[in-house]
Amino acid sequence: MADTTVATKTVKFIITRQDTPDSKPYTEEFEIPYRPNMNVISGLMEIQRNPKKTDGSNTAPVCWDSNCLEEVCGACSMVINGKPRQACSALVDKLEQPIRLEPMRTFPVVRDLVINRERMFGALKRVKAWIPIDGTYDLGPGPRMAETKRQWAYELSKCMTCGVCLEACPNVNDRNSFIGPAAISQVRLFNAHPTGEMNKEERLDALMTDGGIEGCGNSQNCVRSCPKGIPLTTSIAAINKDTTKHLFKKWLGM
Amino acid sequence: MKGNSYFSRKLHSLLGIIPLGGFIVVHGLTNYQAFERGPEGFAKGVHFINSLPVLPLLEIFGIYLPLLFHGIYGLYVAYQSDSNTGRFKYGRNWAFTAQRITGVITFVFVFWHVYQTRLQIYLGHLTHEELGSTMNLIASSPVYFVLYLIGVLAAVFHFSNGLWAFLVSWGITVGPKAQRISSYICMGVFVIVSALFILSLIAFGGDEFKEAANAATAFTNIG
Ligand code: HEM
Ligand code: SF4
Ligand code: FES
């Protein structure tokens, strides 16, 4: 019995498409055969195999980005039924139909669901989200990290630079230069590291310039949207505290 | 905006509490004298404020300049924000949008209110003693009463929610628990300060203030 129902069941998609970075977006509807345990990516693969719209007419296959297929690379991030998330971990059985797919418009759209997340990596460069250890000789092992600290720092290290938190943020838009929650949380991560801490002022300074941490308006959408459950608002408030301290220290010439 | 927006935003945030937040609380308490002690109590409150030393300087540096900077920069901050409460229906996100809407309402209301009261005194159309009667005329008109109610509630929400945001922006409330407790306290502040203003509006509209009112001189002065 299960077989007969499976054979007739279908999955409906409404996909926002865009042919070039500057052309106008439009939507197309698709209806594809259902298979058990499908996710949004396998739905898109089916459309790619047989690019026919619901009305039977042909269309160009839908473009998307994906890589790891296990929610660790962030490449497949898109807006699914109104919420930004990863397509590879979006299970069709758990989604309301028709499933609406849109690109994360906070980022420049390249084509269809493919976006350019370069600003995410630009932000990491801007705040120097790394630990400089290169030199001309072996510096030896760095100081140890306390286990209690390692435990919360590990949570912050799960960020995959996916951009969902920026898509959810009302202050990340064309009128605002706010760097976004992810990079601020990375400053907290690298400033918590015993070796990274040695350059912590540089990272705080980077957040105390135009488009830095002051862009946060506390809507707190980011923490509710992050697929990795990163405590972004705690990171932001903690860095607010550190930048405030740093500000007074600089004024007092300490 | 020129310069470093980190410093402008920090200044904006600070001015929202000191002096503006302090001012709105003192203003609420002074007005509340109208409810608690009637026209005489209110007149005393007004008199007390006017007896403060270097009052013009206090007004300029304690109110007008901070208000202008916070208000105008606030309009720019609001312009820089989207509202996405349709997609993210979370309480804090609603508060984010409300903070911006109430900021704009407060901006309009404050200028209108200052025009009706303080500016008329500067222009010589009103004396400090006649403020009670002016407020009676405003509060006994249903239209003005409702407009004042909206203005006052918007301003007090803006201050209370702003207090919550201020504590986050300066890194005073860091974790989710501290932020939750502070949100209860700020809600309490909203209820109490709103009550002060609403009760005084009601008192201003009452007969006591009508008798004190010299209708003939004051009526022409409110616009
Ligand atoms: C005159 C018109 C006003 C406008 C247009 C305005 C606008 C704004 C805006 C847009 C914000 C949000 C900033 C953010 O969250 O990123 C804000 C914050 C705030 N406002 Fe106002 N505001 C005005 C008047 C006032 C007044 C009269 C008070 C005091 C009673 C006040 C107190 C605050 C406080 C405490 C904050 C929070 C600061 C922070 O986020 O750190 N505002 N204002
Ligand atoms: S903080 Fe979370 S939502 Fe933001 S980029 Fe990292 S993983 Fe994605
Ligand atoms: S493909 Fe890597 S997160 Fe989805």
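Being a predicted model, the structure only gives us computed values, none of them experimental.

A.B. asks: Please clarify how the site of ligand 1 should be interpreted in this entry.
C.D. replies: In the region of ligand 1, 26 residues are neighbours, and R9(B), S13(B), H70(B), H158(B) and G162(B) sit closest. Lying at an intersection of chains, ligand 1 is approached by residues of chains A and B. A distance of 2.4 Å separates an oxygen atom of ligand 1 from a polar atom in the side chain of S13(B). One of the side-chain N or O atoms of R100(B) is found 3.2 Å from an oxygen atom in ligand 1. Every element with two or more residues in the shell around ligand 1 is listed here: helix 1 (5-17), helix 2 (20-50), helix 3 (55-79), helix 4 (91-116) and helix 7 (142-169) of chain B. With seven residues, the top contributor of residues to the shell around ligand 1 is helix 7 of chain B. Taken together, the residues of the shell around ligand 1 sort by class into eleven nonpolar, 13 polar and two charged.

A.B. asks: Any chance you could explain the interface of chain A and chain B here in plain terms?
C.D. replies: Often the size quoted for an interface is simply the accessible area lost on bringing the parts together. Contacts between the two partners involve 37 residues from chain A, matched on the other side by 30 residues from chain B. Between chain A and chain B, the buried area comes to about 2900 Å², and carbon and sulfur atoms account for 49% of it. If you look at where chain A meets chain B, you find two salt bridges. Viewed at the interface, chain B and chain A are joined by 19 residue pairs in polar contact (both at pLDDT 80 or more). Elements with a contribution of two residues or more to the side of chain A that touches chain B: strand 4 (83-86), helix 5 (164-168), helix 8 (221-225) and helix 9 (232-251) of chain A.

A.B. asks: Can you walk me through the coordination of the iron atom of ligand 1 in this structure?
C.D. replies: Four donors placed tetrahedrally around a metal ideally meet at 109.5 degrees, and six donors placed octahedrally ideally meet at 90 or 180 degrees. All names here are of chain B. Within the protein, H70 (NE2) and H158 (NE2) serve as the donor atoms for the iron atom of ligand 1, at 1.9 to 2.0 Å. Taken together, the six donor atoms coordinating the iron atom of ligand 1 and their angles of 86 to 178° define a geometry best described as octahedral. Of this pair, H70 sits in helix 3 while H158 sits in helix 7, and the two are 88 residues apart along the sequence.

A.B. asks: When you look at the packing of helix 7 of chain B against helix 8 (residues 176-205) of chain B in this model, what are you seeing that I'm missing?
C.D. replies: To characterise two packed helices, one gives the angle between the axes of the helices and the distance between these axes. Residue and element names in this part refer to chain B. Axis separation between helix 7 and helix 8 bottoms out at 9 Å; the angle between their running directions is 155°. By the angle between their directions, the pair helix 7 and helix 8 is classed as roughly antiparallel. Handedness of the helix 7/helix 8 crossing: right-handed. Per-class residue counts for the contact of helix 7 with helix 8 are 20 nonpolar, five polar and no charged.

A.B. asks: Honestly, a nonpolar patch on the surface in this entry has me stumped. Any pointers?
C.D. replies: Residue and element names in this part refer to chain B. Taken together, F48, I49, L52, V54, L57, L58, I60, F61, L65, L68, I72 and F111 make up a surface patch of nonpolar side chains, about 1100 Å² in accessible area. Counting residues per element, the ones that place at least two in the nonpolar patch are helix 2 and helix 3. Counting residues per element, the nonpolar patch draws most heavily on helix 3, at seven residues. Mapping I72 onto the fold places it in helix 3. Residue I72 is classed as partly exposed on the basis of its relative accessible area of 46%.

A.B. asks: I keep staring at the sheet that holds strand 3 (residues 77-80) of chain A and nothing clicks. Help me out?
C.D. replies: Backbone hydrogen bonds hold the strands of a sheet together, and the pairing may be parallel or antiparallel. Residues and elements named next belong to chain A. Strand order in the open sheet formed by five strands is 2-1-5-3-4, and the pairing between neighbours is mixed. The open sheet is flanked by strand 2 (26-33) and strand 4, the only strands paired with a single partner. Going across the sheet, the axis of each strand differs from the next one's by a mean of 35°, ignoring polarity. Bridge count for strand 3 against strand 5 (residues 99-102) is two bridges, and the pairing is antiparallel.

Each value, and the rule that gives it
Residues numbered from 1 in each chain as written. Chains lettered and ligands numbered in written order. Predicted model: local features only at pLDDT ≥ 70, side-chain atom pairs only at ≥ 80, totals over all residues. Heavy atoms only, no water. Near = heavy atom within 4 Å. Polar contact = N/O pair within 3.5 Å; in protein donor to acceptor, adjacent residues only side chain to side chain. Helix = DSSP H or I, 4+ residues; strand = E, 2+ residues; numbered from the N terminus. Nonpolar A, V, L, I, M, F, W, Y, C, P; charged D, E, K, R; others polar. Contact = heavy atoms within 4.5 Å. Buried area = accessible area lost by both parts, 1.4 Å probe. Salt bridge = Lys/Arg side-chain N within 4 Å of Asp/Glu carboxyl O. Donors = N, O, S within 2.8 Å, 3.2 Å for Na, K, Ca; no water. Tetrahedral: all angles 85-135°; square planar, octahedral: opposite > 155°, others 65-115°. Axes fitted to C-alpha atoms, helices over the stretch in contact; angles between N-to-C directions. Parallel < 35°, antiparallel > 145°, perpendicular 65-115°, else oblique. Left-handed = near helix turned anticlockwise from the far one by under 90°. Patch = residues over 30% accessible without salt bridge, like charges linked within 9 Å, V, L, I, M, F, W, Y side chains within 5 Å. Areas by Shrake-Rupley, 256 points an atom, 1.4 Å probe, with all protein chains shown as cover. Buried < 20%, exposed > 50% of the residue type's maximum accessible area, 1.4 Å probe, protein only. Pairing = 2+ DSSP bridges.

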